[in-house]
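# Fold and contact review
As a plain string of letters, each chain reads:
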Amino acid sequence: MSQTPSRESHVLVVDDDPQLRLLVSRLLRANGYRVTGAADGNEMRAAMALTAFDLVVLDVMLPGASGFDLCRELRRESAIPVIMLTARGSEADRVEGLDLGADDYLAKPFSPRELVARVNAVMRRMRADGAPNALTPARAFRFSGWILDVARRELTDPQGSIVDLSTGEFDMLRAFVEAAGKVLGRDLLLDLAKNRIATGYDRVVDVQISRLRKKIERDDASEPMIRTIRGTGYMFMPMVERVS
């Protein structure tokens, strides 16, 4: 049985098709979410200037700025979870969306139950990270001068600056620091960081790790933080200190 979302969970649905926007809005409201609709980037920006949202369902094919453009814009300003909807379901498009910072990608036509399940999965992760975790009592992790704050969902670099991470990037890095020194396979990383079936998403882990490396590894570093273990998976190399 799926968990009922919090009443405060507020989703912004950005789609220029009024019928689809209404359908998705009704579907999410029926499952306990507050929903606001927007037809394009201008309406999205106006809505976000007035209201704090928990997640954005974002269509790719929009008039004016595309969903890819808007996802890139969102990632410059926040780490709000983004689920992209599109009629273009090719692997290249999925990878482009994920590479820009989207947390999930759903091709049209999609199953209403699948959309709700994916939204629920993102919201469960967000709520879980704000509550005590019996399996992982640490509230933060320190490694190589960096601090990953689980309670605040923030990553701070050695100079004290906060580094923006998408939901997927944060969950991926958390999976690594919690299992530092251990080899994590792709399927396990998908389960830990994305909570979805790996079929059809063979490159998701590679995309997320590539983005993480760009954000946390120096070009002149003698040892990578995330080491590729050929044919097996990946290993997080730094020593990690748990902070209660």
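Calculation rules
Residues numbered from 1 in each chain as written. Predicted model: local features only at pLDDT ≥ 70, side-chain atom pairs only at ≥ 80, totals over all residues. Heavy atoms only, no water. Helix = DSSP H or I, 4+ residues; strand = E, 2+ residues; numbered from the N terminus. Buried < 20%, exposed > 50% of the residue type's maximum accessible area, 1.4 Å probe, protein only. Contact = heavy atoms within 4.5 Å. Areas by Shrake-Rupley, 256 points an atom, 1.4 Å probe, with all protein chains shown as cover. Axes fitted to C-alpha atoms, helices over the stretch in contact; angles between N-to-C directions. Parallel < 35°, antiparallel > 145°, perpendicular 65-115°, else oblique. Nonpolar A, V, L, I, M, F, W, Y, C, P; charged D, E, K, R; others polar. Pairing = 2+ DSSP bridges. Polar contact = N/O pair within 3.5 Å; in protein donor to acceptor, adjacent residues only side chain to side chain. Phe/Tyr/Trp six-rings, centres within 6.5 Å; stacked < 30°, edge-to-face > 60°. Expected span 1.5 Å × (residues − 1).

### Examining the overall build of the protein
Along the backbone of the protein there are eight helices and 13 strands. The buried share of the protein, taken over its 244 residues, is 48%. Summarising the internal contacts of the protein: among those between residues at least 6 apart in sequence, 62% fall at separations of at least 24. Here the protein displays about 12,300 Å² of accessible surface, and carbon together with sulfur accounts for 50% of that area.

### Describing the packing of helix 6 (residues 167–178) against helix 8 (residues 204–216)
Between helix 6 and helix 8, the shortest axis-to-axis distance is 10 Å and the interhelical angle comes to 85 degrees. By the angle class used here, helix 6 and helix 8 are roughly perpendicular. Facing Gly168, Glu169, Met172, Leu173 and Phe176 of helix 6, the residues of helix 8 in contact are Val205, Gln208, Ile209, Arg211, Leu212, Lys215 and Ile216. When grouped by side-chain class, the residues that make up the contact of helix 6 with helix 8 number seven nonpolar, two polar and three charged.

### What to know about the environment of Ser144
You can see Ser144 is positioned in the loop between strand 6 (140–143) and strand 7 (146–149). Assessed through its relative accessible area of 48%, Ser144 is described here as partly exposed. Sequence spacing of Ser144 and Asp157 is 13 residues, and the spatial spacing of their C-alpha atoms is 9.1 Å. Ignoring anything within four residues of it in the chain, the contact list for Ser144 reads Pro158, Met225, Pro238 and Met239.

### Section: the sheet that holds strand 10 (residues 183–184)
The three strands lie next to each other as 10-12-11, forming an open sheet whose pairing is antiparallel. Unpaired on one side and paired on the other, strand 10 and strand 11 (226–229) mark the two borders of the sheet. Sheet strands in contact with helix 6 are strand 10, strand 11 and strand 12 (233–236), and its direction is about 70 degrees off that of strand 12. Lying on the sheet, helix 8 is in contact with strand 11 and strand 12; it crosses strand 11 at an angle near 145 degrees.

### Digging into the sheet that holds strand 2 (residues 34–38)
Reading across the sheet, the five strands line up as 2-1-3-4-5 and stay open at both edges, with parallel pairing between neighbours. With one partner strand each, in any of the chains shown, strand 2 and strand 5 (104–107) form the two edges of the open sheet. Strand-to-strand twist of the sheet, defined as the mean angle between neighbouring strand axes without regard to direction, takes the value 20 degrees. Its contacts with the sheet put helix 2 (residues 41–50) on strand 1 (10–14) and strand 2, and the angle it makes with strand 1 is roughly 165 degrees.

### Considerations on the side chain of Arg211
With respect to the element layout, Arg211 can be found in helix 8. For Arg211, the side chain forms a polar contact with the side chain of Glu169, separated by 2.6 Å. Excluding anything up to four places from it in sequence, Arg211 contacts Leu98, Asp99, Gly101, Ala102, Ser166 and Glu169.

### Some points on the packing of aromatic side chains
The relative placement of two aromatic rings is captured by the distance of their centres and the angle of their planes. With the rule as written, the count across this model stands at three aromatic pairs. Relative to Trp146, the ring of Phe143 lies with its centre 6.5 Å away and its plane at 5 degrees, an arrangement referred to as stacked. Ring centres of Phe143 and Phe236 lie 5.2 Å apart, and the angle between their planes is 80 degrees; on these two criteria the pair is classed as edge-to-face. Separated by 93 residues along the polypeptide, Phe143 in strand 6 and Phe236 in strand 12 bring together distant segments of the chain.

### Overview of helix 8
Counted at 1.5 Å a residue, the expected span for helix 8 with its 13 residues is 18 Å, and the 18 Å between its end C-alpha atoms agrees. Taken together, the buried positions of helix 8 are Val204, Val205, Val207, Gln208, Ile209, Arg211, Leu212 and Ile216.

### Section: the pairing of strand 3 (residues 55–59)
For strand 3, the buried fraction is high: five of the five residues fall into the buried class. Side chains of strand 3 alternate between two faces, with Leu55, Val57 and Asp59 and Val56 and Leu58 buried alike. Where strand 3 lies against strand 4 (residues 82–86), four bridges are found, and the strand directions are parallel. Residue pairing in the sheet places Leu58 in a bridge with Met84 of strand 4.

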